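# Per-entry structural report
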Amino acid sequence: MQLPNPYLLKNEDFLTLIQVICPKCKDKAVVLGGKPFRNIVEYESEVRFSCVTCGFALEFSNIPKFTLDAKSRKQDIQARVLMLNTSCDPFFGFDVWYRVDTMYGMLWAYNLEHLNAIEYYISDMKRNRNGLPYKNNSMGSRLPQWVKATKNRPYLLKIIKRLKLK
């Protein structure tokens, strides 16, 4: 299976279904409804957390809004803040299911598809941009340097294999 070039992907491409650790029972749960590259106000009522094991469920639209100081607009703004590019889901802040502490740092993925894309990037011997422009928000550029290091390839691939069995 050939995955798209990691320099064309963004972590936000994997927000539609995020597998997380349920804060109540610590089993696998899901956050559904994220729509990458759209304004959160357009879809916030569709984002939901649910755990099949214990029945715990939340809607993102019920999460309180923060007051943000917007001096340029001369008035405060009420908004929900997304925590992107971290080892927790950006909507509720629950830890992602696919995460592991390595000897170099934490390796994480939003879901199995995201983990497969990271695995593909690590195992790729060429890691070629194929003429793509440099973009700092691509998945390939956002991975830490220790993940990109050739010397860590066997170690990380072994950890990813174990993480997939979790």
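Here, the structure is the one placed above.
Residues numbered from 1 in each chain as written. Predicted model: local features only at pLDDT ≥ 70, side-chain atom pairs only at ≥ 80, totals over all residues. Heavy atoms only, no water.

## Considerations on unusual backbone geometry
In this model, Lys26 sits at a positive phi of 65°, which is unusual for a non-glycine residue. For Lys26, a relative accessible area of 55% corresponds to the exposed category. (Buried < 20%, exposed > 50% of the residue type's maximum accessible area, 1.4 Å probe, protein only.)

## Some points on helix 5 (residues 153–164)
An ideal rise of 1.5 Å per residue puts 16 Å on 12 residues; helix 5 measures up with 16 Å between its terminal C-alpha atoms. As for helix 5, its buried residues are in contact with strand 7 (98–101), strand 8 (106–109), helix 2 (112–123) and helix 4 (145–148). (Helix = DSSP H or I, 4+ residues; strand = E, 2+ residues; numbered from the N terminus. Expected span 1.5 Å × (residues − 1). Contact = heavy atoms within 4.5 Å.)

## Things to note about helix 2
The end-to-end C-alpha separation of helix 2 is 16 Å, in line with the 16 Å expected for 12 residues at 1.5 Å each. The set of residues buried in helix 2 consists of His114, Leu115, Ala117, Ile118, Tyr121 and Ile122. For helix 2, the arc enclosing every buried residue in end-on projection is 160°, short of the 170-degree limit, so these residues lie on one face. For helix 2, the capping residue at the N-terminal end is Asn111, with a side-chain oxygen 3.2 Å from the backbone nitrogen of Glu113. (Arc of directions from axis to C-beta. Polar contact = N/O pair within 3.5 Å; in protein donor to acceptor, adjacent residues only side chain to side chain.)

## Looking at the state of the cysteines
Overall, the coordinates contain 0 disulfides when judged by the stated rule. Of the cysteine sulfurs around Cys54, a residue in no disulfide, the closest is that of Cys22, at 3.6 Å. For Cys54, a relative accessible area of 38% corresponds to the partly exposed category. (Disulfide = S-S within 2.5 Å.)

## Details of the environment of Ile18
Residue placement: Ile18 occurs in strand 1 (residues 17–21). Residue Ile18 is classed as buried on the basis of its relative accessible area, which comes to 0%. Along the backbone, Ile18 and Gln145 are 127 residues apart, and their C-alpha atoms lie at a distance of 24 Å.

## Observations concerning the pairing of strand 8
The sheet contact formed by strand 7 and strand 8 spans 4 bridges and is antiparallel. Note that in strand 8 the partner of Arg99 across the bridge is Trp108. The loop that links strand 7 with its antiparallel partner strand 8 comprises 4 residues. (Pairing = 2+ DSSP bridges.)

## Describing the sheet that holds strand 4 (residues 57–59)
Read from one edge of the open sheet, 4 strands run 1-2-3-4, paired in antiparallel fashion. Two strands lie at the open edges of the sheet, namely strand 1 and strand 4, each paired on one side alone. Neighbour to neighbour, the strand axes of the sheet diverge by 20° on average, direction disregarded. Of the strand pairs in this sheet, strand 3 (residues 48–50) and strand 4 are connected by 3 bridges, and their pairing is antiparallel. Across the sheet, Ser50 pairs through a bridge with Ala57, a residue of strand 4. (Axes fitted to C-alpha atoms, helices over the stretch in contact; angles between N-to-C directions.)

So, to be careful, I would describe these as geometric facts and stop short of saying anything about function.
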